Amino acid sequence: RISWISDIIVVVSPENIETMKTIIQKYGHKRVTVVKGGITRHRSIFNGLKVFAENEFSKYLLQKPEVVVIHDAVRPFVEEDILLEVVMAAKEHGAAGAICPLVSTVIASSADGCLDHSLERARYRASEMPQAFLFDIIYQAYQQCTDYDLDYGTECLHLALKYGKTKAKLIEGTADLWKVTYKRDLYAAESIIKDNLSQQIGVITDVKEDVVQVGLLLHESLKSRIKVEAISISLCQNDSHVQNMFSGRCYNFIYIHDKQPAFQETRLLVDMLEKSNITLLYPVILISVHLNSSENISFSIGMEELTRIKKFAREVKKKNIWVYDLLIHYK
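In this text, all values refer to a predicted model and were calculated from it rather than measured experimentally. (Residues numbered from 1 in each chain as written. Predicted model: local features only at pLDDT ≥ 70, side-chain atom pairs only at ≥ 80, totals over all residues. Heavy atoms only, no water.)

(A) Summary view of the packing of helix α10 (residues 263-275) against helix α11 (residues 303-317). Relative orientation of the contacting elements α10 and α11 amounts to 10°, with a least axis distance of 11 Å. Relative to α11, the element α10 lies roughly parallel. Here F263, Q264, T266, R267 and V270 of α10 lie close against α11, whose contacting residues are E305, R308, I309, F312 and V316. For the contact of α10 with α11, the residue count by class is 5 nonpolar, 2 polar and 3 charged. (Axes fitted to C-alpha atoms, helices over the stretch in contact; angles between N-to-C directions. Helix = DSSP H or I, 4+ residues; strand = E, 2+ residues; numbered from the N terminus. Parallel < 35°, antiparallel > 145°, perpendicular 65-115°, else oblique. Contact = heavy atoms within 4.5 Å. Nonpolar A, V, L, I, M, F, W, Y, C, P; charged D, E, K, R; others polar.)

(B) Just the sheet that holds strand β4 (residues 95-101), in detail. Spatial strand order, β3-β7-β4-β8: 4 strands in an open sheet with mixed pairing. The open sheet has two free edges, formed respectively by β3 (67-70) and β8 (169-172), since each of these has just one partner strand. Adjacent strand axes in the sheet meet at a mean angle of 30°, parallel and antiparallel pairs treated alike. Pairing of β4 with β8 involves 4 bridges; the strand directions are parallel. (Pairing = 2+ DSSP bridges.)

(C) Representation of helix α8 (residues 209-222) in the model. Taking 1.5 Å per residue as the helical rise, α8 with its 14 residues ought to reach 20 Å, and the 20 Å between its terminal C-alpha atoms agrees with that figure. Inspection of α8 places V211, G215 and L222 among the buried residues, and these make up the whole buried set. The buried side chains of α8 occupy one side of the element, clustering within an arc of 40° when seen end-on. Exposed residues on α8 whose side chains face more than 90 degrees from its buried face are E209 and L217. In this structure, the buried side of α8 is in contact with β9 (200-205), β10 (227-232), β11 (252-257) and β12 (284-292). (Expected span 1.5 Å × (residues − 1). Buried < 20%, exposed > 50% of the residue type's maximum accessible area, 1.4 Å probe, protein only. Arc of directions from axis to C-beta.)

(D) Highlighting empty space enclosed by the protein. All told, the structure shown has 1 cavity of 30 Å³ or more when counted by the stated rule. If you add up the space inside the largest cavity, you get close to 40 Å³. The wall of the largest cavity is formed by F263, T266, I309, F312, V323 and D325. If you list the elements that add at least two residues to the lining of the largest cavity, you get α10, α11 and β13 (321-329). Per-class residue counts for the lining of the largest cavity are 4 nonpolar, 1 polar and 1 charged. (1 Å grid on protein atoms, 1.4 Å probe; cavity = no way out; pocket = protein on both sides within 12 Å on 5 of 7 lines; lining within 4 Å. Points joined across faces, edges and corners; volume = space filled by probe spheres on them.)

(E) Focus on unusual backbone geometry. For the bond running from M129 to P130, omega is 10°, close enough to zero to count as cis. Structurally, P130 can be placed in strand β7 (residues 125-134). Its identity is not glycine, yet R31 carries a phi of approximately 65°, on the positive side. With respect to the helices and strands, R31 occurs in the loop between α1 (17-26) and β2 (32-36). A relative accessible area of 33% places R31 in the partly exposed class. You will see that K165, though not glycine, has its phi angle at about 50°, which is positive.

(F) Up close: α11. With 15 residues, α11 should reach 21 Å at 1.5 Å per residue; the first-to-last C-alpha distance of 21 Å fits that figure. For α11, the full list of buried residues reads E305, I309, F312, A313 and V316. For α11, the angular spread of buried residues about the axis comes to 100°, placing them on one side. For α11, the exposed residues lying more than 90 degrees away from the buried face are M303, E304 and R314.

Below is the structure:
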């Protein structure tokens with residue numbers, strides 16, 4: 001979702017490569033190349049860097065970047081701000097990385113299992129991800145690594161210092177850069193996702209009087225529990241009111257109308273969503289509600305139309321837009 005990132009290299013253990021390729025295909029990810037990892041962290045990172053520099057990986061045809069960002073997949077909540085900050089610092093200093101204050105005191109034990117000494121916590125920081133480097137600096141550092149470095153090392157910034165004489169700029173990270181390491185961390189991750197989900201609903205109605213009235217009633221019934229914004233418009237591609245609604249942190253939309261079928265209007269709303277700057281990291285919900293007030297109480301809909309709607313919904317779900325279509329009959 002970040003346009004200035006040109007390529008994404010996912011380094012995966014050999015037994016999980018096909019699974020990762022399936023995920024990429026299922027969700028239509030672009031700019032992603034899957035590379036086989038090594039038996040250690042540094043060997044895996046080195047494999048990822050080789051894609052840009054060695055002939056054996058020339059099949060990928062990826063252009064060597066000025067700056068490369070290294071990030072842990074187990075830190076799923078990295079935001080664009082911190083990525084941009086470490087990249088800009090790396091362009092100036094050659095290397096940069098996120099850090100966080102230590103929350104516990106670090107101690108060393110002696111051979112007999114007793115306390116040997118402790119570190120002054122205020123002087124030290126925990127090294128986090130993301131880290132960014134001028135490509136040539138980090139790649140040449142890995143080329144000079146010993147087998148011991150590749151097998152037992154964990155800190156990329158240290159390699160840039162040891163082999164590239166490059167002192168990394170340290171950037172204060174955010175609290176959500178923590179690692180999902182243990183099973184309990186999955187529950188914390190779920191809480192973060194729920195906390196970030198939009199707590200707003202946008203109600204979009206046609207200009208017909210009956211339809212507008214339903215939209216107002218929905219607004220009244222929901223406003224005590226959730227933030228609701230309601231607008232009445234004649235839907236068109238360049239409607240500024242809808243664009244403004246999409247540009248806010250609103251991820252839930254209800255479109256109320258009396259058109260049958262309304263497939264084109266639903267597609268138009270999805271097109272507008274995709275062209276807006278809304279972040280599709282979280283699910284976007286679009287519920288299209290058709291109100292039928294005719295004497296014909298049949299709920300039937302043509303199979304061809306139904307098939308089109310279901311196919312369309314499956315396609316846009318891959319982009320994290322969930323489309324629902326409701327037909328409501330009332331007198």
